Amino acid sequence: KQEVTQIPAALSVPEGENLVLNCSFTDSAIYNLQWFRQDPGKGLTSLLLIQSSQREQTSGRLNASLDKSSGRSTLYIAASQPGDSATYLCAVFLGAGSYQLTFGKGTKLSVIP
Amino acid sequence: ETGVTQSPTHLIKTRGQQVTLRCSSQSGHNTVSWYQQALGQGPQFIFQYYREEENGRGNFPHRFSGLQFPNYSSELNVNALELDDSALYLCASSFWNRVNYGYTFGSGTRLTVV
């Protein structure tokens, strides 16, 4: 059974700091991995999708990396801003035969002005 | 792109009642999935529909059922509501052929069972 763990559960940083969020998964045979952002009480906004054949993806100040063999992904946020405050979730997708996304519990990020 | 829309946004029901939640998939997507998210937890997979048939189900009782319509919109039905069914219900759509390009989520329906 695929399990996804996110560390830390919560993180508070001053504005402008660079930070890294971690995601680990137990079954390395994933099809892709997706990072999401969730604001309180809201739905999920997709940030980055990494296919299993890729090592990283970048969008603006965000960079996600994937190491399938070790079962790890990181989300790097550069020059953090108060508007980045939210919960960040990673989810893995195994592909055909298992159509579900398996999520971690998320990392709650607070960026202090 | 129209995105994924869900209705209603909030709902309060009494234990034992039945509820129907609705979702309109993103244009061009052929699969729709439903997730339950309890407070402080990650979303849990309920089931997925592809071409109007259920093709995957998580560890949820059959009180939870669904439909996908020809226009790829979907419903989640929950019978005999229990207090523990209180959660945020998320709908997600995707295009699946030989490649999957990830899932797009709606804003969710907050269900409170009293």
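Look up a bit, the structure's there.
Since we're looking at a predicted model, the values are computed, not measured.

**Digging into the pairing of strand β9 (residues 87-94) of chain B**
For a regular strand, side-chain orientation follows a simple rule: the groups alternate between the two sheet faces. All names here are of chain B. Burial of β9 is extensive: eight of the eight residues sit out of reach of the surface. The two faces of β9 match: Ala-87, Tyr-89, Cys-91 and Ser-93 on one face and Leu-88, Leu-90, Ala-92 and Ser-94 on the other face are all buried. Relative to strand β11 (residues 109-113), β9 runs antiparallel, the two being bridged by three bridges. Residue pairing for β11: Tyr-89 is matched across the bridge by Thr-109.

**Quick notes on the interface of chain B and chain A**
Tallying the contact residues gives 22 residues for chain B and 22 residues for chain A. For the chain B and chain A pair, buried surface summed over both sides reaches about 1,700 Å², with 56% attributable to carbon and sulfur atoms. It is Trp96(B), Tyr103(B) and Phe105(B) that lose the most area in chain B upon contact with chain A, and together they represent 30% of the buried surface on that side. Linking chain B with chain A are zero salt bridges, by the criterion used here. Our enumeration of links across chain B and chain A arrives at four residue pairs in polar contact (both at pLDDT 80 or more). Of all the secondary structure elements, the ones that give two or more residues to the side of chain B that touches chain A are β4 (31-37), β5 (44-50) and β9 of chain B. Per-class residue counts for the side of chain B that touches chain A are 10 nonpolar, 10 polar and two charged.

**Some points on the packing of aromatic side chains**
Inspection of every chain in the model, using the stated rule, returns 10 aromatic pairs over all chains. Judged by centre distance (6.0 Å) and plane angle (80 degrees), the rings of Phe103(A) and Phe105(B) are edge-to-face. Pair noted here: Phe103(A) is in strand β10 (residues 98-103) and Phe105(B) is in strand β10 (residues 104-105), and the two residues belong to different chains. Look at Phe103(A) and you get buried, because its relative accessible area is 7%. Arranged with centres 5.4 Å apart and planes meeting at 90 degrees, the rings of Phe47(B) and Tyr49(B) form a pair that is edge-to-face.

**A look at the sheet that holds strand β8 (residues 74-78) of chain B**
Residue and element names in this part refer to chain B. Overall, antiparallel pairing links the four strands, which are arranged β1-β3-β8-β7 in an open sheet. Single-partner strands in this sheet number two, and they are β1 (5-7) and β7 (64-68). For this sheet, the mean angle separating the axes of adjacent strands, direction not counted, is 20 degrees. With three bridges connecting them, β1 and strand β3 (residues 19-24) associate as antiparallel partners. When the sheet's bridge partners are listed, Thr-5 is paired in β3 with Ser-24.

**Things to note about the sheet that holds strand β7 (residues 62-67) of chain A**
All names here are of chain A. Read across the open sheet, the five strands follow the order β1-β3-β8-β7-β6; overall the sheet is antiparallel. The open sheet has two free edges, formed respectively by β1 (4-7) and β6 (56-59), since each of these has just one partner strand. On average, each strand axis in the sheet is tilted by 15 degrees relative to the strand beside it, whichever way the strands run. As paired elements, β1 and strand β3 (residues 19-25) share four bridges and run antiparallel to each other. Among the inter-strand pairings, Gln-6 is bridged to a residue of β3, identified as Cys-23.

**Focus on the state of the cysteines**
Residue and element names in this part refer to chain B. Tallied over the full model, the rule gives two disulfides over all chains. Bridging Cys-23 to Cys-91, the disulfide has an S-S length of 1.8 Å. Here the disulfide of Cys-23 and Cys-91 is left-handed, its torsion about the S-S bond being about -65 degrees. With a gap of 68 residues between them, Cys-23 in strand β3 and Cys-91 in strand β9 connect regions that are remote in the sequence.

**Considering the nonpolar core**
If you look at the biggest cluster of nonpolar residues, it comprises 23 residues, and the most contacted ones within it are Phe25(A), Leu33(A), Trp35(A), Leu75(A), Ile77(A), Tyr88(A) and Leu109(A). Those elements that place two or more of their residues in this core are β3, β4 (32-38), β5 (44-51), β7, β8 (72-77), β9 (86-95) and β11 (107-112) of chain A. Discounting chain neighbours no more than four positions away, the residues touching Leu75(A) are Leu19(A), Val20(A), Leu21(A), Trp35(A), Leu47(A), Leu48(A), Leu62(A), Asn63(A), Ala64(A) and Tyr88(A). Among the nonpolar cores identified, the runner-up in size contains 19 residues, and Leu21(B), Ile46(B), Tyr49(B) and Ala87(B) belong to it.

Rules of the game
- By convention here, each chain's residues receive numbers from 1 onward along its written sequence.
- Following the order in which they are written, the chains are lettered starting with A and the ligands numbered starting with 1.
- Note on the predicted model: pLDDT of at least 70 is required for a residue's local features to be given, and 80 or more for side-chain atom pairs to be given and counted; whole-chain, interface and lining totals, by contrast, use all residues.
- The side-chain values count all of the structure's non-hydrogen atoms but skip hydrogen atoms and water molecules.
- Residue burial is assigned from relative accessible area. The probe radius is 1.4 Å, only protein chains are included, and a residue is buried under 20% of its type maximum, exposed over 50%, and partly exposed in between.
- Per the convention used, a helix needs a DSSP run of H or I reaching at least four residues, while a strand needs a run of E reaching at least two, with both numbered from the N terminus.
- Should DSSP find at least two bridges between two strands, the strands are taken to pair.
- Any two residues whose heavy atoms approach within 4.5 Å are treated as being in contact.
- The term buried area refers to how much accessible surface (probe radius 1.4 Å) is lost by two components on association, counted for both of them together.
- By definition, a salt bridge exists where a carboxyl oxygen of Asp or Glu is found within 4 Å of a side-chain nitrogen of Lys or Arg.
- Think of a polar contact as two N or O atoms within 3.5 Å of one another; within protein, one of them needs to be a possible hydrogen donor and the other a possible acceptor, and neighboring residues in sequence only count if both atoms come from side chains.
- Basically, the charged four are Asp, Glu, Lys and Arg, the nonpolar ten are Ala, Val, Leu, Ile, Met, Phe, Trp, Tyr, Cys and Pro, and anything else, Gly included, counts as polar.
- Paired rings are identified among Phe, Tyr and Trp, the last through its six-membered ring, by centres lying within 6.5 Å, and are further divided according to the angle between planes into stacked (under 30 degrees), edge-to-face (over 60) and tilted (the rest).
- Simply put, an axis is a line fit to the C-alpha atoms, just over the touching stretch for a helix, and the angle between two N-to-C directions goes from 0 to 180 degrees.
- Pairs of cysteine sulfur atoms within 2.5 Å are identified as disulfides in what follows.
- Residues grouped as a nonpolar core are buried Ala, Val, Leu, Ile, Met, Phe, Trp, Tyr and Cys residues, joined through side-chain atoms within 4.5 Å.

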